[in-house]
Amino acid sequence: MKFIVAALSSLALIGSVSAFRGEATFFAPGLGACGQRNTGNDLIVALNSAQYGNGGNCNKNISQLCVLPLFVVISRANDVGVNPDKGKSVTVKVVDKCPGCGINGIDLSPAAFDRLEKRSVGRIQVDWNFV
């Protein structure tokens, strides 16, 4: 019985997850606004100023939309939703603020961006949420 209740609770959480759609770029990490040093090989993200706020989202994770809400998830998107032909996603940790990113925009480490697209593309549409 406990297992069924836990499973139903998890399904309720999945249904209530809010996704954000915005542009993703990549940056050269160093000392981030959350006070940690990172490299381009780390799976990290810088949030736009509005969603970074006063740092309340530091160390939270974001991830792809098909994963249980435990991390921040980012999925490659197109005009009609998650890109069905690519199906690429990555889970990253919030470690920095991106003052130049627009609303719902994010800046990924090179390693995280590489999991979604070639860097030569430069800018991509993504769906992401906190999990």
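Calculation criteria
- All residue numbers refer to positions counted from 1 along the written sequence of the respective chain.
- For this predicted model, a pLDDT threshold of at least 70 governs which residues receive local features, and a threshold of 80 or more governs which side-chain atom pairs are given and counted, while totals over whole chains, interfaces and linings are taken from all residues.
- For the side-chain quantities, the full set of heavy atoms in the structure was used; hydrogens and water were omitted.
- Pairs were defined over the aromatic rings of Phe, Tyr and Trp, the Trp ring being its six-membered one, requiring ring centres within 6.5 Å. Orientation was assigned from the angle between planes: stacked under 30 degrees, edge-to-face over 60, tilted for the rest.
- Helix numbers and strand numbers start at the N terminus; a helix is a DSSP run of H or I with at least 4 residues, a strand a run of E with at least 2.
- Burial classes: relative accessible area under 20% of the type maximum marks a residue as buried, over 50% as exposed, and values in between as partly exposed (1.4 Å probe, protein chains only).
- DSSP-based pairing: two strands are paired if at least 2 bridges between them are found.
- Our working definition of a disulfide is a cysteine sulfur pair at a distance within 2.5 Å.

Draft legend 1. Broad picture of the packing of aromatic side chains. Throughout the structure, instances matching the rule amount to four aromatic pairs. Look at F20 and W128: their rings are 4.6 Å apart centre to centre, the planes differ by 35 degrees, and that puts the pair in the tilted class. Of this pair, F20 sits in strand β1 (residues 20-26) while W128 sits in strand β8 (residues 124-130), and the two are 108 residues apart along the sequence. Accessibility expressed as a relative area gives 23% for F20, which makes it partly exposed.

Draft legend 2. Expanded view of the pairing of β8. Of all seven residues in β8, five are buried, a share of seventy percent or more. Alignment of β1 against β8, held across five bridges, turns out to be antiparallel. When the sheet's bridge partners are listed, E23 is paired in β8 with Q125.

Draft legend 3. Fine view of the state of the cysteines. With the rule as written, the count across this model stands at two disulfides. Here C34 connects covalently by a disulfide to C58, the sulfurs 2.0 Å from one another. Every disulfide takes its handedness from the sign of the S-S torsion; for C34 and C58 that torsion is -90 degrees, giving left-handed. Note that C34 is positioned in the loop between β1 and β2 (44-48) and C58 in the loop between α2 (49-52) and β3 (61-63), a separation of 24 residues in sequence. Of the two residues examined, C34 and C58, each falls in the buried class. Two residues, C98 and C101, share a disulfide whose sulfurs are 2.1 Å apart. For the disulfide bridge between C98 and C101, the dihedral angle about the S-S bond is near 80 degrees, and by the sign convention the bridge is right-handed. An identical accessibility class is assigned to C98 and C101; each is buried. Counting only the cysteines that form disulfides, in the order they appear in the protein, gives the pairing 1-2, 3-4.

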